[in-house]
Amino acid sequence: MRNLRNLEIKGKRVLMRVDFNVPTDKENNILDDAKITAALPTIQYVLQQGGRLILMSHLGRPQGKKNGKYSLDKIASHLASLLNMPVTMVDDCIGEEVQRAVQKMQDGQVLLLQNVRYYEGEEKNDPEFSRQLASLGEIFINDAFGTAHRAHSSTTGIADYLPAYAGFLMENEVAMLRKVLEDGEKPRMAILGGAKVADKLGLIHNLLDKMDTILIGGGMANTFLKAQGKNIGKSICEDGLLEEARSLMNAAQSKNVRLVLPQDVVVADEISADAAAEIVDVDQVKAGKMILDIGPKTVELFKNLVKDAQTVVWNGPLGVFEYEQFANGTRAITQALADSPATTVIGGGDTSVIVHDLGLEAGITHISTGGGATLEFLEGIELPGVAVCEH
Ligand code: AMP
């Protein structure tokens, strides 16, 4: 990918797409700033080189309309405190007011534009909107890996008007995820969880060609267990995908990939904070029960398999981790990955938040900032936001 290292930045207007789409509360307070801190290396590099840095991002889904609920105000002040310098915020992302603010900028200063999704043109990748954004800068940097699966004006459209380069976060994400798929040391393992198989069909297909072992837990395991003829009670299950699950298990066998399902599970009558949890073998799930976590035998099995792997990628919680009684499997596997000397990559979304909440970041090789983007990358899909920095 084209990167910044040999780029003449001093005095240049550098227009940089970041992914500041952080979780916020009703008052717009930032609940987790991991995506902002992940962009700091590129931001600081551009400022140290004397660039005039114009940052743009989306936040939430304002659906093409100005809406204070999705304002980046609080992100500007948080960024200012992280950088320990002023961050000017303009209440728009195109137009005269923005042009004036850009003209006033000095080398090494930073300006944050208002939410790019206040305009319909953004998500439509409208050429005129792209041109107006592009007119603010001389160089385009895409550091928004988390939005790289979207071909929007601020992620790809601008590249029709300005030379495009990958920021350090983008570069690092792509390098780590490529490593997992292409040249990570073997044996390679994927751990998959989360609610649905439907979301991860493409992913499993691609991983069958890249991994030696695939562990499946979470709600998605139920469909596989049922496809094997097991009684799963009233657990969530995608009955329309039983055939697909069977064919994935057959494909794993013919490709010599070890596909491992839970051997015991934690069940309850309902998903609630005071539901009584019980551990049973996968063959012993009663009619009224729901499978809500992997059981202790499975935790041990998964932990031992993790010990054998040299490269591990994980996406999706292994149980309904939001409730204490069903969080054990997810926590134990997080700890196992943190303790493992293997290259460990957390594939974004919920799973990244879990690692941060448990404070186990230090033991993980790479925690992806993407959710959908990470999954699509691991599915083998070319991401448009990555492609503009390559071609
Ligand atoms: P995803 O968005 O696909 O990664 O799914 C995450 C959600 O899956 C979390 O909210 C979990 O509570 C849920 N989940 C994990 N395991 C189960 C399960 N066995 N039954 C129901 N939901 C589950």
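Residues numbered from 1 in each chain as written. Predicted model: local features only at pLDDT ≥ 70, side-chain atom pairs only at ≥ 80, totals over all residues. Heavy atoms only, no water.

## A short note on the site of the ligand
Step number 1: Around the ligand sit 14 residues, and of these A195, G219, I291, G319 and E322 come closest.
Step number 2: At 3.0 Å from an oxygen atom of the ligand is found a main-chain nitrogen or oxygen belonging to A195.
Step number 3: With respect to the ligand, the backbone of I291 contributes an N or O atom lying 2.9 Å from a nitrogen atom.
Step number 4: Relative to its unbound accessible surface of 500 Å², the ligand loses 79% to contact with the protein.
Step number 5: At the level of elements, α8 (218-227) and β12 (290-294) are the ones that each hand at least two residues to the shell around the ligand. (Near = heavy atom within 4 Å. Polar contact = N/O pair within 3.5 Å; in protein donor to acceptor, adjacent residues only side chain to side chain. Areas by Shrake-Rupley, 256 points an atom, 1.4 Å probe, with all protein chains shown as cover. Helix = DSSP H or I, 4+ residues; strand = E, 2+ residues; numbered from the N terminus.)

## Points about the packing of helix α7 (residues 201-208) against helix α9 (residues 242-254)
Step number 1: Two numbers describe how α7 lies on α9: the axes approach to 10 Å, and their chain directions differ by 10°. Viewed along their axes, α7 and α9 adopt a mutual orientation that is roughly parallel. Considering how the two elements wind past one another, α7 and α9 form a crossing that is left-handed. On the side of α7, the interface is formed by L201, I204, H205 and L208, while α9 contributes E244, L248, A251 and A252.
Step number 2: Class assignment of the residues belonging to the contact of α7 with α9 gives a composition of six nonpolar, one polar and one charged. (Axes fitted to C-alpha atoms, helices over the stretch in contact; angles between N-to-C directions. Parallel < 35°, antiparallel > 145°, perpendicular 65-115°, else oblique. Left-handed = near helix turned anticlockwise from the far one by under 90°. Contact = heavy atoms within 4.5 Å. Nonpolar A, V, L, I, M, F, W, Y, C, P; charged D, E, K, R; others polar.)

## Quick notes on the pairing of strand β14 (residues 343-346)
Step number 1: Alternating residues of β14 divide into T343 and V345 and T344 and I346, and every residue in both groups is buried.
Step number 2: Judged from the four bridges that link them, strand β13 (residues 311-315) and β14 form a sheet pairing that is parallel. Bridge pairing in β14 places V313 opposite V345.
Step number 3: Note that the unit made of β13, helix α11 (residues 328-339) and β14 has a crossover that is right-handed.
Step number 4: Two elements, β14 and strand β15 (residues 366-367), share two bridges in a ladder whose sense is parallel. Its bridge partner being in β15, V345 is matched across the sheet by H366. (Buried < 20%, exposed > 50% of the residue type's maximum accessible area, 1.4 Å probe, protein only. Pairing = 2+ DSSP bridges. Right-handed = clockwise from strand over helix to strand, strands pointing away.)

## Points about the packing of aromatic side chains
Step number 1: All chains considered together, the criterion is met by two aromatic pairs.
Step number 2: Residues Y45 and F168 carry aromatic rings whose centres are separated by 5.1 Å and whose planes lie at 80° to one another, so their mutual orientation is edge-to-face. With a gap of 123 residues between them, Y45 in helix α1 (residues 34-48) and F168 in helix α6 (residues 168-183) connect regions that are remote in the sequence. Each member of the pair, Y45 as well as F168, is classed as buried. (Phe/Tyr/Trp six-rings, centres within 6.5 Å; stacked < 30°, edge-to-face > 60°.)

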